[in-house]
Amino acid sequence: MTEPRRIVVGVSGGIAAYKACHLVRDLKEAGDDVRVVPTPNALTFVGAATFEALSGHPVSTTVFDAVDEVQHVRIGQEADAVVIAPATADVIARLVAGRADDLLTATVLVATCPVIVVPAMHTEMWHNAATRANVATLRDRGVIVMEPAHGRLTGKDTGPGRLPEPEQIADLVRVVLDGHELVPDWAGKKVLITAGGTQEALDPVRFLGNRSSGRQGYALAEIAAHRGAEVTIVAGATDDLPVPSGAEIHRVTSTREMAGAVEKHAPEADVIIMAAAVADFRPVSAAGSKLKKGADEDALMRVELVENPDILATTVERRRNGEVPAETVIVGFAAETGDADTTALEYAQAKLARKGCDLIMANEVGEGKVFGEDRNRGWLLAADGAVTEVADGSKHAVAAQILDAVDAFRARD
Ligand code: CTP
């Protein structure tokens, strides 16, 4: 059993403070040691007793508690990661100024471990020049500042400023604890990601589809956004997942719609990652009204199919023709099952050669593996024959390794 990692969850005084309770629970359930350090204002939203019960540690807000244990220094020194969620505009400003006027800011000032700031505030405050400058300063200093989610805020307004969902924050914390630095070294890069599964209509209520959840594609989008990239997702059907903060999303249903969206965005992309599970065939025609068991027996018993475009192979072809820049790195996925003669890895190697992309993330599917699961594993295959094993990890951890592989692939050129 590995040692629990020590995570400090800082909570500042915004309405989203209640979501910190879910974050603490999520991190604790994964076996980590969590200590909550709220600001005094945070306790006007959530009581200390709640944080104490969830974390199993006493809670204080001031540097004058537990002075004999030098608490204001010790908590920061011992932490493996500090995450502040929600971080108000005020606490962000105090971090920039290097203040230590409560236990949370004192803890951050002492911490040498990764610090993750998860802002939550009204859109106007997020866009304010003071906040923009403060966030830029924190990022320059190596602090990881998550992009807020876009959506309903307190009151009637909608916009960027919402706290990302606790599971997204916990996933990010774990990626950082696993040693991925998430520095904004992909700033200025455009990344196009396909995610989820495409669906082909048989009639207005029935379709041919697959079990893809979209989790791996969304995790890739989140990690790329944290590394500073401008991310566009083309998403088919997905589980009900929070939209990755900092990414632009285009929803599509069919393979041809996905192909159209990729065709549009590919020429600007520096990196294209096709994590979607694409329906290879579609019914020759979709009925305009619901097919009936009696009257349409024939159409229901024998569905005639035609082949869909291969989006990945077409994109590689367009790069060959100069319609997509030659420097664009193209990454595919291969979800395979092995059989008596051929292993899943061999099928994936053949797929890499056939599709002509630069890298392929191969994994074995079936028997509860991968689709809809929180974890993934497999191999990263490069066009030059290199095979790197991707250890079992969360889809975010796998995403981080895929982006590292893209860097390694570029460095080889
Ligand atoms: N893909 C695509 N367009 C398709 C089918 C697949 O872009 N019409 C992409 C997927 O997004 C993935 C890769 O190609 O990145 C491999 O997908 P997969 O379904 O495993 O490949 P297929 O070509 O369908 O191979 P097969 O079904 O024969 O295993």
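Residues numbered from 1 in each chain as written. Predicted model: local features only at pLDDT ≥ 70, side-chain atom pairs only at ≥ 80, totals over all residues. Heavy atoms only, no water.

**Describing a nonpolar patch on the surface**
And then number 1: Taken together, the side chains of L208, F281, V303 and L305 define a hydrophobic patch exposed on the protein surface, amounting to about 300 Å² of accessible area.
And then number 2: Along the chain, the position of V303 falls in the loop between helix 11 (297-301) and strand 15 (305-307). (Patch = residues over 30% accessible without salt bridge, like charges linked within 9 Å, V, L, I, M, F, W, Y side chains within 5 Å. Areas by Shrake-Rupley, 256 points an atom, 1.4 Å probe, with all protein chains shown as cover. Salt bridge = Lys/Arg side-chain N within 4 Å of Asp/Glu carboxyl O. Helix = DSSP H or I, 4+ residues; strand = E, 2+ residues; numbered from the N terminus.)

**Brief notes about the environment of K19**
And then number 1: Along the chain, K19 turns up in helix 1 (residues 17-29).
And then number 2: The exposure class of K19 is buried, given its relative accessible area of 9%.
And then number 3: Considered as a pair, K19 and A85 are 66 residues apart in the sequence and their alpha carbons are 8.2 Å apart.
And then number 4: With residues near it in sequence (within four places) discarded, K19 still touches R162, L163, E165 and P166. (Buried < 20%, exposed > 50% of the residue type's maximum accessible area, 1.4 Å probe, protein only. Contact = heavy atoms within 4.5 Å.)

**Topic: the sheet that holds strand 1 (residues 6-11)**
The pairing of strands in a sheet comes from backbone hydrogen bonds and takes either a parallel or an antiparallel form.
And then number 1: Strand order in the open sheet formed by five strands is 2-1-3-4-5, with parallel pairing between adjacent strands. Strands with a single pairing partner mark the edges of an open sheet, and in this sheet they are strand 2 (33-38) and strand 5 (144-145).
And then number 2: Pairing analysis gives two bridges linking strand 4 (residues 115-119) to strand 5, with the strands arranged parallel. Looking at the pairing, V117 lines up with V145 of strand 5.
And then number 3: Along the sheet, helix 1 makes contact with strand 1, strand 2 and strand 3 (81-87), crossing strand 1 at roughly 175°.
And then number 4: Contacts from helix 4 (residues 89-97) reach strand 3 and strand 4, with the element oriented near 140° to strand 3. (Pairing = 2+ DSSP bridges. Axes fitted to C-alpha atoms, helices over the stretch in contact; angles between N-to-C directions.)

**Quick word on the domain arrangement of the protein chain**
And then number 1: When its domains are assigned, the protein chain resolves into domain 1 (6-177) and domain 2 (190-412).
And then number 2: Centre-to-centre, using C-alpha coordinates, domain 1 lies 35 Å away from domain 2.
And then number 3: The partner domain 2 presents 11 residues to the 11 residues of domain 1 that form the contact.
And then number 4: Summed over both sides, the interface between domain 1 and domain 2 buries roughly 830 Å², with carbon and sulfur atoms accounting for 66% of that surface.
And then number 5: Our count for the domain 1 to domain 2 interface comes out at zero salt bridges.
And then number 6: Taken together, the connections running from domain 1 to domain 2 amount to three residue pairs in polar contact (both at pLDDT 80 or more).
And then number 7: Considering every element that reaches the side of domain 1 that touches domain 2, the biggest residue donor is helix 8 (residues 166-177), with five residues. (Domains from an automatic or database assignment. Buried area = accessible area lost by both parts, 1.4 Å probe. Polar contact = N/O pair within 3.5 Å; in protein donor to acceptor, adjacent residues only side chain to side chain.)

**As for the packing of aromatic side chains**
And then number 1: Considering all chains together, one arrives at zero aromatic pairs under this definition.
And then number 2: Over the ring of W126 we find R132, and its NZ or CZ is 4.5 Å from the ring centre.
And then number 3: One Lys or Arg, K189, reaches over the ring of W186 and ends 5.6 Å from the middle of that ring. (Phe/Tyr/Trp six-rings, centres within 6.5 Å; stacked < 30°, edge-to-face > 60°. Lys NZ or Arg CZ within 6 Å of the ring centre and 35° of its normal.)

**Section: the UniProt feature "domain: Flavoprotein" (unreviewed entry) in the protein chain**
And then number 1: The UniProt entry lists residues 6-173 under the feature "domain: Flavoprotein" (unreviewed entry), expressed in the numbering used here.
And then number 2: For residues 6-173, helix accounts for 42% and strand for 21%, while the C-alpha atoms at its two ends are 11 Å apart. (UniProt positions renumbered as here; feature names shortened; annotations may be inferred.)

**Looking at the sheet that holds strand 8 (residues 190-195)**
And then number 1: Taken together, the eight strands give an open sheet; going across it, the order is 12-11-8-13-16-17-18-19, and neighbouring strands pair in mixed fashion. With one partner strand each, in any of the chains shown, strand 12 (247-251) and strand 19 (387-394) form the two edges of the open sheet. In this sheet, neighbouring strand axes are inclined to one another by 20° on average, regardless of whether the strands run parallel or antiparallel.
And then number 2: In this structure, strand 8 lies alongside strand 13 (residues 271-274), joined through four bridges in parallel fashion. Bridging across to strand 13, T194 finds its partner in M274.
And then number 3: Together, strand 16 (329-336), strand 17 (359-364), strand 18 (375-382) and strand 19 form the strand contacts of helix 13 (residues 344-355), whose direction differs from that of strand 16 by roughly 145°.
And then number 4: Along the sheet face, helix 14 (residues 395-412) touches strand 13, strand 16, strand 17, strand 18 and strand 19 and points at about 155° away from the line of strand 19.

**Observations concerning the packing of helix 3 (residues 71-78) against helix 5 (residues 103-110)**
And then number 1: Two elements in contact, helix 3 and helix 5, have axes whose closest approach is 8 Å; the angle formed by their N-to-C orientations is 50°. With respect to helix 5, the element helix 3 is oriented oblique. Along this stretch, helix 3 crosses helix 5, giving a crossing that reads as right-handed. Every residue of helix 5 that contacts helix 3 at Q71, H72, V73, I75, G76 and Q77 is listed here: L103, A106, T107 and V110.
And then number 2: Looking at the contact of helix 3 with helix 5 residue by residue, the classes come out as five nonpolar, five polar and no charged. (Parallel < 35°, antiparallel > 145°, perpendicular 65-115°, else oblique. Left-handed = near helix turned anticlockwise from the far one by under 90°. Nonpolar A, V, L, I, M, F, W, Y, C, P; charged D, E, K, R; others polar.)

**Side note on the packing of helix 1 against helix 8**
And then number 1: Put simply, helix 1 and helix 8 touch, their axes get as near as 9 Å, and they point 45° apart. As the angle between them shows, helix 1 and helix 8 are arranged oblique. Viewed along their axes, helix 1 and helix 8 form a crossing whose handedness is right-handed. Along the contact surface, helix 1 presents K19, H22, L23, D26 and L27, while helix 8 presents P166, E167, I169, A170, V173 and R174.
And then number 2: A per-class count over the contact of helix 1 with helix 8 returns six nonpolar, one polar and four charged.

**As for the pattern of salt bridges**
And then number 1: Applying the stated rule across the entire model yields 26 salt bridges.
And then number 2: Taking the shortest distance from any N to any O, the salt bridge between D203 and R206 comes out at 2.5 Å.
And then number 3: Classification of D203 as buried rests on a relative accessible area of 3%.
And then number 4: Judged by its relative accessible area of 28%, R206 is partly exposed.
And then number 5: Here D358 ties to R319 by a salt bridge, and the two come within 2.7 Å at their closest N and O atoms. Of this pair, D358 sits in the loop between helix 13 and strand 17 while R319 sits in helix 12 (residues 311-320); the two residues are 39 residues apart in sequence, bridging distant segments of the chain. The residues D358 and R319 share a single accessibility class, namely buried.
And then number 6: The network of salt bridges with common partners includes D90, R94, R99, D101 and D102.

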